[in-house]
Amino acid sequence: MNDSANDPPADGGSVASAGDGTRAVRAGLPEPVKHEPTLPGPVFAAHFHLPGEPTGPYTYGRDENPTWTHLERAIGELEAPGQDGVETLVFASGMAAVSSVLFSQLRSGDTVVLPGDGYQVLPLVRAQLEAYGIEVRTAPTGGDAQLDVLDGAKLLWIESPSNPGLDVCDIRRLVEAAHARGALAAVDNTLATPLGQRPLELGADFSVASGTKQLTGHGDILLGYVTGRSGEPMTAVRRWRKIAGAIPGPMEAWLAHRSIATLQLRVDRQNASALAVAEALRGRPEVTGLRYPGLPDDPSHRVASQQMRRYGCVVSFTLPTRAHAELFLESLKLVDDATSFGGVRSTAERRGRWGGDAVPEGFIRLSVGAEDPEDLVADVLRALEESTR
């Protein structure tokens, strides 16, 4: 939903008042043209024919691309349906999107608040920020602990639910506190997806996500995006993308747009199956620290139910030892031992193998796919039985 005066006419596929499935299927489509495809193919162009003055939406391939435009509108319609003055920018990866916000908004001498239990690359980001003279404060996601370190900050970075611990914070409360102190607020919406929660509706300035995960859902695309209200902050993000050149290829953008059409179908199936898996794990004596925000007795459920419409596809839990966890993973038949999450094929991993998360050696992050839930639950329970013998 990019409302720049130089953009092509607004598309005719916008269905802001429709249901999630209709919106996902129709999002970002252009006005229908006789004998043309419903979703135009990817535009491969480093430059565009440009006689005279350089006006118009498409001049050079690092700045804009028609395939990005359709995808950006589609994501914007999901993140902020019916809202004017909102724009989306797509990037080559989720970390490119994250970096664009952090490094476009912060200067030497500024202070940023990050989650202490967020994505495992954030410690690397912290080191780079500090090398640039930016003060970094951290606090856990749970209990809205970031409130305690907000004073004097320029930017608050929220990750809710957190990855991999699945803690949830009160986004609206934290955003309001940040704004009262003159800070901007960004929310990493990767795990929830726009169908799980809409950070801009909760007051955030930016909704940032890795489209690599459940948004595109097939484990074959690296993509990121930033959605925010039009104005200087988003102009700075756009400028950063131009400078860094962290742009997606047209084929990746087209595949992402195609994949979004099935988002609601995938999300509903995966969320329901994740709840079934979590419920099946509740009674297992070898399982501790079980987390899934959709469980009524999960510590985050009350807050999550107030701001989330769906609870995600990731379940986390801990097995007694590293060896136990590795044997469990080896015993799974329908679940691939792989990193990342959100794909149609279930994956799981012993998260401690990366070294960047403060989790026990036996901690498992399980991403529930689109397999039949009965088959998936049976596979998980069988693997648990085999790993305890």
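Because the structure is predicted, anything quoted here is derived from the model rather than measured.

1. Side note on the overall build of the chain
At step 1: A tally of regular secondary structure across the chain gives 11 helices and 12 strands.
At step 2: Taken over C-alpha atoms, the radius of gyration comes to 21 Å for the chain, in line with the 21 Å a tight globule of 389 residues would show.
At step 3: Based on the C-alpha atoms only, the size of the chain along its principal axes is roughly 75 × 55 × 35 Å.
At step 4: Here the chain holds 389 residues, and 56% of them are scored as buried.
At step 5: Long-range contacts, defined here as pairs at least 24 residues apart, represent 69% of the contacts in the chain between residues at least 6 apart.
At step 6: Each charge sign in the chain was given a centre, from 37 positive and 50 negative side chains, and these centres are 1 Å apart.

2. Quick word on helix α5 (residues 171–180)
At step 1: Burial in α5 covers these residues: Ile171, Leu174, Val175, Ala177 and Ala178. Within α5, the buried residues cover an arc of 160° as seen down the axis, which keeps them to one side. Looking at α5, the residues exposed on the side facing more than 90 degrees away from the buried face are Glu176 and Ala180.
At step 2: In this fold, the buried residues of α5 make contact with β4 (155–159), β5 (184–188) and α9 (301–307).
At step 3: Once α5 finishes, Gly182 follows within two positions and takes phi at roughly 85°, a positive value.

3. Some points on the packing of aromatic side chains
How two aromatic rings sit relative to each other is set out by the distance from centre to centre and by the angle between their planes.
At step 1: Within the structure shown, the criterion is met by four aromatic pairs.
At step 2: Consider the rings of Phe103 and Tyr132, whose centres lie 5.8 Å apart with planes at 80°: the pair is edge-to-face. Here Phe103 is found in helix α3 (residues 94–105), whereas its partner Tyr132 is found in the loop between α4 (122–131) and β3 (135–139), with 29 residues between them in sequence.
At step 3: Look at Tyr132 and you get partly exposed, because its relative accessible area is 46%.
At step 4: Pairing Phe103 with Trp240 gives two aromatic rings, centres 5.9 Å apart and planes at 20°, and the pair type is stacked. Taken together, the residues span a long stretch of sequence, with Phe103 in helix α3 and Trp240 in helix α6 (residues 232–244) at a distance of 137 residues.
At step 5: With a relative accessible area of 28%, Trp240 lands in the partly exposed category.
At step 6: An aromatic cluster is built from Phe103, Tyr132 and Trp240, whose rings are joined through pairwise contacts.
At step 7: Positioned above the aromatic ring of Phe341, the side-chain terminus of Lys213 is 5.5 Å from the ring centre.
At step 8: Above the ring of Phe91, the side-chain terminus of Arg241 is found at 5.9 Å from the ring centroid.

4. A few points about the confidence of the model for the chain
At step 1: Mean pLDDT over the chain: 94, with 96% of residues reaching 70 or higher.
At step 2: For the stretch residues 1–14, pLDDT sits under 50, and the model shows 37 contacts to residues farther than four places along the chain or on other chains.

5. Quick word on the sheet that holds strand β10 (residues 336–337)
At step 1: Here five strands make up an open sheet; going across it, the order is β8-β9-β12-β11-β10 and the pairing mixed. In the strand order of this sheet, the two ends are held by β8 (288–291) and β10, each with one partner.
At step 2: Pairing geometry for β8 and strand β9 (residues 314–318), over two bridges, is antiparallel. For Thr288, the partnering residue across the bridge sits in β9 and is Thr318.
At step 3: Here helix α8 (residues 263–281) sits on the sheet and contacts β8, β9 and β12 (363–367); the angle it forms with β9, its principal contact strand, is near 20°.

6. Focus: empty space enclosed by the protein
Vacant regions in the atomic arrangement are exposed by a probe of water-molecule size rolled over the atoms.
At step 1: Here the structure, examined in full by the defined rule, presents two cavities of 30 Å³ or more.
At step 2: Each pocket or cavity is described by its volume, and for the second largest cavity that value is around 30 Å³.
At step 3: For the lining of the second largest cavity, the class distribution of residues is four nonpolar, four polar and no charged.

7. Things to note about the pairing of strand β2 (residues 111–115)
For a regular strand, side chains alternate in direction, first toward one face of the sheet and then toward the other.
At step 1: For β2, the tally of buried residues reaches five of five residues, placing the bulk of the element in the interior.
At step 2: Burial along β2 is two-sided: the face carrying Thr111, Val113 and Pro115 and the face carrying Val112 and Leu114 are both buried.
At step 3: Inspection of the sheet shows β2 paired to β3 by five bridges, in the parallel sense. Each residue of the ladder has a partner; that of Val112, found in β3, is Val136.
At step 4: Between β2 and its parallel partner β3, the chain crosses via α4, and the hand of that crossover is right-handed.
At step 5: The pairing of β2 with β4 spans two bridges and is parallel. Bridging from a neighbouring strand, Val112 pairs with Leu155 of β4.

8. As for the sheet that holds β3
In a beta sheet, neighbouring strands are held together by backbone hydrogen bonds and run either parallel or antiparallel to one another.
At step 1: Taken together, the seven strands give an open sheet; going across it, the order is β1-β7-β6-β5-β4-β2-β3, and neighbouring strands pair in mixed fashion. Since the sheet does not close on itself, it has two edges, and those belong to β1 (86–91) and β3, each with one partner. For this sheet, the mean inter-axis angle between neighbouring strands, taken without regard to orientation, is 20°.
At step 2: Here strand β6 (residues 206–210) pairs with strand β7 (residues 224–229) via five bridges, running antiparallel. Each bridged residue has a counterpart across the sheet, and for Ala209 the counterpart in β7 is Tyr225.
At step 3: Taken strand by strand, α3 contacts β1, β2, β4, β5, β6 and β7, and its axis lies near 150° from that of β6.
At step 4: Along the sheet, α4 contacts β2, β3 and β4; its crossing angle with β3, the most-contacted strand, is approximately 150°.

Criteria and thresholds
- Residues numbered from 1 in each chain as written.
- Predicted model: local features only at pLDDT ≥ 70, side-chain atom pairs only at ≥ 80, totals over all residues.
- Heavy atoms only, no water.
- Helix = DSSP H or I, 4+ residues; strand = E, 2+ residues; numbered from the N terminus.
- Rg over C-alpha atoms; globule rule 2.2 N^0.38 Å.
- Buried < 20%, exposed > 50% of the residue type's maximum accessible area, 1.4 Å probe, protein only.
- Contact = heavy atoms within 4.5 Å.
- Lys, Arg positive; Asp, Glu negative; His and termini not counted.
- Charge placed at Lys NZ, Arg CZ, Asp CG, Glu CD.
- Arc of directions from axis to C-beta.
- Phe/Tyr/Trp six-rings, centres within 6.5 Å; stacked < 30°, edge-to-face > 60°.
- Lys NZ or Arg CZ within 6 Å of the ring centre and 35° of its normal.
- pLDDT = per-residue confidence, 0-100.
- Pairing = 2+ DSSP bridges.
- Axes fitted to C-alpha atoms, helices over the stretch in contact; angles between N-to-C directions.
- 1 Å grid on protein atoms, 1.4 Å probe; cavity = no way out; pocket = protein on both sides within 12 Å on 5 of 7 lines; lining within 4 Å.
- Points joined across faces, edges and corners; volume = space filled by probe spheres on them.
- Nonpolar A, V, L, I, M, F, W, Y, C, P; charged D, E, K, R; others polar.
- Right-handed = clockwise from strand over helix to strand, strands pointing away.

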